[in-house]
Amino acid sequence: MQLIDIGANLTHESFRPDFDQVLERALANGVRQMIVTGASAAGSRMAVALARAHPGVLFATAGVHPHHASDYDDATDAELREHLKADEVKAVGETGLDYHRNYSPQAAQIEAFERQLQIAVDCAKPLFLHQRDAHADFMAVMRNYQGRLGKAVVHCFTGTREEMVDYLDAGWHIGITGWLCDERRGTHLRELVRDIPAHRLMIETDSPYLLPRTVTPKPSHRRNEPMYLRHIVEELARDRGEEVEVTAANALATSRAFFGI
């Protein structure tokens, strides 16, 4: 079984003490390639550096998460554009809207989102999108760029059926994480994932966040890492009524086509 983790925050400080071992465990569990998420100016810089240090295994995105939207300025915009000229940088993002905590004001989030959408238009690379508790504004902003954007994936999908249908109707892809395994808040996903076409479905860990709650034995540190993508695909296959090899192969093909890997 071969897998691609399309969203791993491997620049997180929790990975620094054992980064090489994290990669080794991922590879041992079939995770052949990982896309390191860029979620801030500094984080994107580090993601690109990791991708360059591990060619063919790690790739990167470059963007600014809505939590950091207040920090977005002309220098950030220019730096992201420079990163996205590199072959190992496969998508613009993580970008979007997050009204759940509003770490940045909503107006700042929308402005940073729009500027990154323009980067995607200009560089013709896919979008790695984030949306939480902001669906109406998220769709409104995306509609303003309709016909100018290329491929897009709404990563770490946790939303409603109505949101999922909106994304699929727009032609976008959907990323599923270990949220699927959370009996407190993710059980609705077990039904929804049956209706995501295989050519629109990708899988991710969002490491070090969202350790699947059904993993046993649970690591004492509670840190998620790419090796657990195998567990996620096993759960996903069961919910879709597929053999795990089928789900894994389809996700691999879809991810490679989407990111050009």
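Everything that follows concerns the structure shown earlier in this document.
Residues numbered from 1 in each chain as written. Predicted model: local features only at pLDDT ≥ 70, side-chain atom pairs only at ≥ 80, totals over all residues. Heavy atoms only, no water.

### Remarks on the sheet that holds strand S1 (residues 3-8)
Step number 1: Judged by pairing direction, the sheet is parallel, and its 8 strands sit side by side in the order S1-S2-S3-S4-S5-S6-S7-S8 without closing on themselves. The two strands at the open ends of the sheet, each matched to only one other strand, are S1 and strand S8 (201-203). Put simply, the sheet's adjacent strands are angled 30° from each other on average, direction ignored. (Pairing = 2+ DSSP bridges. Helix = DSSP H or I, 4+ residues; strand = E, 2+ residues; numbered from the N terminus. Axes fitted to C-alpha atoms, helices over the stretch in contact; angles between N-to-C directions.)

### What about the environment of Arg 194?
Step number 1: Relative to the helices and strands, Arg 194 resides in the loop between helix H7 (187-192) and S8.
Step number 2: Given a relative accessible area of 54%, Arg 194 falls into the exposed group.
Step number 3: Arg 194 sits 44 residues away from Arg 238 along the chain, and the two C-alpha atoms are 9.7 Å apart.
Step number 4: Of the polar contacts made by the side chain of Arg 194, one reaches the backbone oxygen of Asp 239; its length is 3.3 Å. (Buried < 20%, exposed > 50% of the residue type's maximum accessible area, 1.4 Å probe, protein only. Polar contact = N/O pair within 3.5 Å; in protein donor to acceptor, adjacent residues only side chain to side chain.)

### As for the environment of Ala 249
Step number 1: With respect to the helices and strands, the residue Ala 249 is situated in helix H9 (residues 244-259).
Step number 2: On the basis of relative accessibility, which here comes to 42%, the residue Ala 249 falls in the partly exposed class.
Step number 3: Distance from Ala 249 to Gln 2, taken between C-alpha atoms, is 7.2 Å for residues 247 residues apart in sequence.

### Structural notes on empty space enclosed by the protein
Rolling a probe over the atoms, with the probe sized like a water molecule, indicates the empty space that remains.
Step number 1: The full count for this structure, using the stated rule, is 1 cavity of 30 Å³ or more.
Step number 2: For the largest cavity, the calculated volume is near 40 Å³.
Step number 3: For the largest cavity, the full set of lining residues is Ala 198, Leu 201, Arg 240, Glu 242, Thr 247, Asn 250 and Ala 251.
Step number 4: Take the lining of the largest cavity: its biggest share by element is 3 residues, from H9.
Step number 5: The class makeup of the residues in the lining of the largest cavity is 3 nonpolar, 2 polar and 2 charged. (1 Å grid on protein atoms, 1.4 Å probe; cavity = no way out; pocket = protein on both sides within 12 Å on 5 of 7 lines; lining within 4 Å. Points joined across faces, edges and corners; volume = space filled by probe spheres on them. Nonpolar A, V, L, I, M, F, W, Y, C, P; charged D, E, K, R; others polar.)

### A short note on the packing of helix H8 (residues 229-240) against H9
Step number 1: For the pair H8 and H9, the least separation of the axes is 8 Å and the interaxial angle reads 110°. Regarding the angle of H8 to H9, the classification is roughly perpendicular. Here H8 runs over H9; the crossing is right-handed. Here Val 233, Glu 234, Leu 236 and Ala 237 of H8 come into contact with H9, specifically with Val 244, Thr 247 and Ala 248. (Parallel < 35°, antiparallel > 145°, perpendicular 65-115°, else oblique. Left-handed = near helix turned anticlockwise from the far one by under 90°. Contact = heavy atoms within 4.5 Å.)

### Some details on the pattern of salt bridges
Where charged atoms from two side chains of opposite charge approach closely, those side chains can pair.
Step number 1: Summed over the entire model, instances satisfying the criterion amount to 23 salt bridges.
Step number 2: A salt bridge links Asp 122 to Arg 81; the nearest nitrogen and oxygen atoms lie 3.0 Å apart. Of the two residues, Asp 122 is situated in helix H4 (residues 106-123) and Arg 81 in helix H3 (residues 74-83); the sequence distance between them amounts to 41 residues.
Step number 3: Residue Asp 122 is classed as partly exposed on the basis of its relative accessible area of 44%.
Step number 4: Look at Arg 81 and you get partly exposed, because its relative accessible area is 30%.
Step number 5: The shortest N-O distance in the salt bridge between Lys 85 and Glu 82 comes to 3.1 Å.
Step number 6: The exposure class of Lys 85 is exposed, given its relative accessible area of 61%.
Step number 7: Connected through salt bridges with shared partners, the residues Asp 74, Asp 77, Arg 81, Arg 115 and Asp 122 form a single ionic network. (Salt bridge = Lys/Arg side-chain N within 4 Å of Asp/Glu carboxyl O.)

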